[in-house]
Structure formats: structure tokens, C-alpha cells
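Fold and geometry: a report
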Amino acid sequence: MRISVLGLGYVGCVSAACLAGQGHEVIGVDVNQAKVDLVNNGRAPVVEERIGELTAEVVRTGALRATRDVRAAIMDSEVSLICVGTPSEPNGSLCTTYLERVTEQIGAALAERKGEGGRHTVVFRSTMLPGTCLNLLVPILEKSLGGTAGVDFGVAVNPEFLREGTSVRDFFDPPKTVIGQLDQASGDVVAQLYEGLPGEVFRVPVPVAEAIKYADNSFHGLKIGFANELGAVCQALGVDSHQVMDVFLADRKLNISPAYLRPGFAFGGSCLPKDLRSLVHAARRADVSVPILSHVLASNADHLQRAVELVERTGKRKVGLFGLSFKPGTDDLRESPLVELAERLYGKGYDLKIYDANVSLSRLMGANREYIEGRLPHLAQLLADSVDDVLDHAEVCLVGTRDQAVLSALPLSGGPAIVDLVRLPDAEARRAEPGYMGLAW
């Protein structure tokens, strides 16, 4: 394919050289004449493992050349990869100035070649927040061309997952390939660029592709911060942090796995809150600052509050709650987030009814009974005997369980408003219905 790559920084330079190495005909574009001259002389503008040799080879064979002329590059290509920077503004917001500028230039060039050379596909590889492509950049292209994205020209978002230092290796052996496609044809064009490369390919809506990059980088930062905070606490307590993490990382069932990484309701129970509090307290006593660990419980409390606010938003006062125990299939109420939710709603004067098939006041004992008597002493009058009792009472239902009896009884439409805390199996169908609200989806 004939490809123009706009922006010859790390991502653009590596993408251009690697695509040329794959057999494509590539034109690199940059406003910086020094970068253009380096590429045309067979030298990479960045220092990176393998990039120097690869650039020299693809320039020598004529597969890669560079220019400052956006118009000429667009005229001579069928696909444009946008790899310009999206730095932070002083207030932390995303700077889209370079994206907008290059999009305008592409639009002007495409307007000039309209009707010639087949449909051009514009592929945004720059990191940008969800909504940037469809709400900001596509309108710029459509205005310039007087045409429609997905019809007169293709649009896709193709985030990169290249680590500086190993970018060439990561390009040819990617962890995944993500294609945010505006339409099937646009996605097909991007898929052809990476034909033959290993790794799973995900073809998703454009905003999903934009968000994935942020999910990845946020989690990477969180992991590094977590490891460093834990290391500092271990050092203060006289423990070898690397021995601790060797064992931690060996657990592929709960720790290094998909476990606990699906958005849902707040966590609770007799272990997580207690142990987090103890560890943070130990860190403070040792004068070790642990801002990530010390804010985990605060983050959890804020997430629980989102459920309260969804109920408040309905303006209804009769509330049903399905689920009360901290974990499905048990009657353990200790530090259950659903108990905390019930307590907040009851304290705000909501007319509340609760159903949990595993919770019977007469069977509660020991620490479990003491806990609920201290937090929700009126539980006896709030508990309902059946799912139907709650549905008959409620104007809005909070669903905190996947109990099959509850799922079977919930009407798809025409019933009470639904606040979904667990992402119901039929959540996709329910999202189209008025009155359905997902907690984090």
C-alpha cells in the first residue's frame, strides 16, 4: 500500500520504517526539515534499538522517503497515519492543536483530489481522549471535503503500544492490535497494514480504541506506583520487597490475571478493607508516604456513593435492593458494600426493602450478627421474603446480585427503574430501555 506517515517522532519514525520494511511504500512527513533530511539520508531521527539499520535499509531500497509537503504526500498515498504529538496543556488537559492542524491540511489535500485515486483512509495513531476523533477531527475533515466520513473517505483510530527502547521489536511482535473503525471498509484497510504480524486483533468502535490506550497507560503507572509504595513499606519494616513480589507475581490466578479487573460494585468483606487500613497505618507509623495505598479505600467509598447518586437522580423514594452479603452465595455481612449502601439510603429517608436469599436474621450469629446490629439495626423490618415482594414495593431497584431468581423476575421494560451494580447478563439489551442505569458502563 502507499502510506503517508505524518509526524516523525518516536511513533511516526518507527511506524514509517517498519511499514516500509513490511513492503509498503511510505512517505514520512514532518515540519522539521532536520528530521526530513535525516530520513532521506537513511538515518533515523531517534535513537532506538534496530531503528538505524532498518531506516537505512528501507531508504536505500526506495520504500521510505520524507518530505515537509503534506499535500504532496496525501496526493501520492491511499492511507494516512497521523502520529503527531498530543502533549499536556499547563492545566493537564490534552493539547489537540497539532492534531487539528494536520487534519485541516489533510482535509484540504483530499478536497483537491476528490474523485481521483480511490477512497483515502485517515488513520489516527496519536493518543487522544474518547470523543476526540468523532466530535472534533471528523467534522474538520467533512467540512474540508464537503463529504461524509465512512462514505467518501475512511476514518480509523489505531493506537500504538510501542515502548521507547524496544519500539521496533514491539511493532513486529505487538501485544495486541487495536482498530477503532468508523466502518468496515476503514477497518479492513488498517488490518491490511499489519497483515502477518502476531497477536490478537481487536476491531472496536472508535471511542473504545481511544480509551484503550488510556486504560493501558494508567494501569502501567498504577502498577509501578503500587510496587514502589509496597517496596518502601517493606523496607521500613525490614522485609525484602523483592522476595515478597516474587511470591506475589507467582500467583497467576488472582494477582497477575483478569481477576478483579472488571468494573463492578465497590469491594468489601472481612479482609480487604481491614488489611488496607492496617498496612496504611503501619506505613504512617514508619513515616512512609503511600498516597496510592492510602487512597484505595477513599476511591472505594466514592464508587459506592455513585450508586447512591444514581438513586437520587431518579427522584423516586421507594427503593428495592437485591443482594446484601459481601459475596454472592454467603451470608457474610461484615463490611459488605451493600450493607453500607443500604445504610446510606435508609439514613436519607428512602423507603427501603431488601432481598437476599442467603440472609436470614434468625441464622446470623457471632461477629456477623454484631456487625449488622451495629450498622443496620432495623434490618428485620427491611428484609423481604421474596423477589416479588421487593418488585411490588420498589419504584427503583438496585441489583447487587446475579441470583438466578432475581434475574428471571426482573422485567426488561415497564417495571421499576434499574440501577445495575453487577452488569446484568442482558445489560446490552437493557441499555436501550428507559430507566436502566449501569453503575460504570
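For the structure, check the block above.
A quick note: this is a predicted structure, and the numbers were derived from the prediction, not measured.

1. Some words on the packing of helix 1 (residues 10–21) against helix 3 (residues 51–60)
It is at 9 Å that the axes of helix 1 and helix 3 come closest, and there the two elements cross at 55 degrees. The orientation of helix 1 with respect to helix 3, classified from their angle, is oblique. Read as a crossing pair, helix 1 and helix 3 show a hand that is left-handed. Here helix 1 contributes Cys-13, Val-14, Ala-17, Cys-18, Ala-20 and Gly-21 to the contact with helix 3, which in turn contributes Ile-51, Leu-54, Thr-55 and Val-58. The class makeup of the residues in the contact of helix 1 with helix 3 is eight nonpolar, two polar and no charged.

2. Brief notes about the pattern of salt bridges
Counting across every chain of the model gives 21 salt bridges. For Lys-348, the salt bridge identified is with Glu-312, shortest N-O distance 3.2 Å. Placement of the pair is Lys-348 in the loop between helix 14 (337–347) and strand 10 (351–355) and Glu-312 in helix 13 (residues 296–314), with a sequence separation of 36 residues. Residue class for Lys-348 comes out partly exposed when judged on its relative accessible area of 42%. Judged by relative accessible area, which is 32%, Glu-312 ranks as partly exposed. Several salt bridges share partner residues, and in doing so they unite Glu-340, Glu-343, Arg-344 and Arg-375 into one network.

3. Digging into the sheet that holds strand 11 (residues 396–399)
Strand-to-strand pairing in sheets goes through backbone hydrogen bonds, with the strands running parallel or antiparallel. Spatially, the five strands line up as an open sheet ordered 10-9-11-12-13, and their pairing is parallel. The open sheet has two edge strands, strand 10 and strand 13 (436–438), and neither has a second partner. Each strand of the sheet is rotated relative to its neighbour by a mean of 20 degrees, with strand direction disregarded. Looking at chain direction, strand 9 (residues 318–322) and strand 11 are connected through four bridges and run parallel. In the strand pairing of strand 11, Gly-320 is matched with Cys-397. Lying on the sheet, helix 13 is in contact with strand 9, strand 11, strand 12 (417–420) and strand 13; it crosses strand 11 at an angle near 165 degrees.

4. Section: unusual backbone geometry
Although it is not a glycine, Glu-335 sits at a positive phi angle of roughly 50 degrees. Note that Glu-335 resides in the loop between strand 9 and helix 14. Unlike most non-glycine residues, Arg-423 shows phi in positive territory, near 55 degrees. Note that Arg-423 resides in the loop between strand 12 and helix 19 (427–430).

5. What about the packing of aromatic side chains?
Within a pair of aromatic rings, the relevant descriptors are the distance that separates the centres and the angle that separates the planes. Evaluation of the coordinates by the stated rule reveals three aromatic pairs. When the centroid spacing of 5.9 Å and the interplanar angle of 55 degrees are considered together, the rings of Phe-171 and Tyr-194 count as tilted. Taken as a pair, Phe-171 in helix 7 (residues 167–172) and Tyr-194 in the loop between helix 8 (184–193) and strand 8 (201–204) lie far apart in primary sequence, 23 residues in all. For the pair Phe-171 and Tyr-194, a shared accessibility class is recorded, and that class is buried. Centroid distance Phe-226 to Phe-248: 5.9 Å. Interplanar angle 40 degrees. Geometry classified as tilted. With Phe-226 in helix 9 (residues 206–236) and Phe-248 in helix 10 (residues 241–250), this residue pair connects regions lying 22 residues apart in the sequence. Taking NZ or CZ as reference, Lys-176 lies 4.2 Å from the ring centre of Phe-161, over its face. Here the basic side chain of Arg-317 rests over the ring of Tyr-350, its NZ or CZ set 3.9 Å away from the ring centre.

Rules of the game
- Residues numbered from 1 in each chain as written.
- Predicted model: local features only at pLDDT ≥ 70, side-chain atom pairs only at ≥ 80, totals over all residues.
- Heavy atoms only, no water.
- Axes fitted to C-alpha atoms, helices over the stretch in contact; angles between N-to-C directions.
- Helix = DSSP H or I, 4+ residues; strand = E, 2+ residues; numbered from the N terminus.
- Parallel < 35°, antiparallel > 145°, perpendicular 65-115°, else oblique.
- Left-handed = near helix turned anticlockwise from the far one by under 90°.
- Contact = heavy atoms within 4.5 Å.
- Nonpolar A, V, L, I, M, F, W, Y, C, P; charged D, E, K, R; others polar.
- Salt bridge = Lys/Arg side-chain N within 4 Å of Asp/Glu carboxyl O.
- Buried < 20%, exposed > 50% of the residue type's maximum accessible area, 1.4 Å probe, protein only.
- Pairing = 2+ DSSP bridges.
- Phe/Tyr/Trp six-rings, centres within 6.5 Å; stacked < 30°, edge-to-face > 60°.
- Lys NZ or Arg CZ within 6 Å of the ring centre and 35° of its normal.

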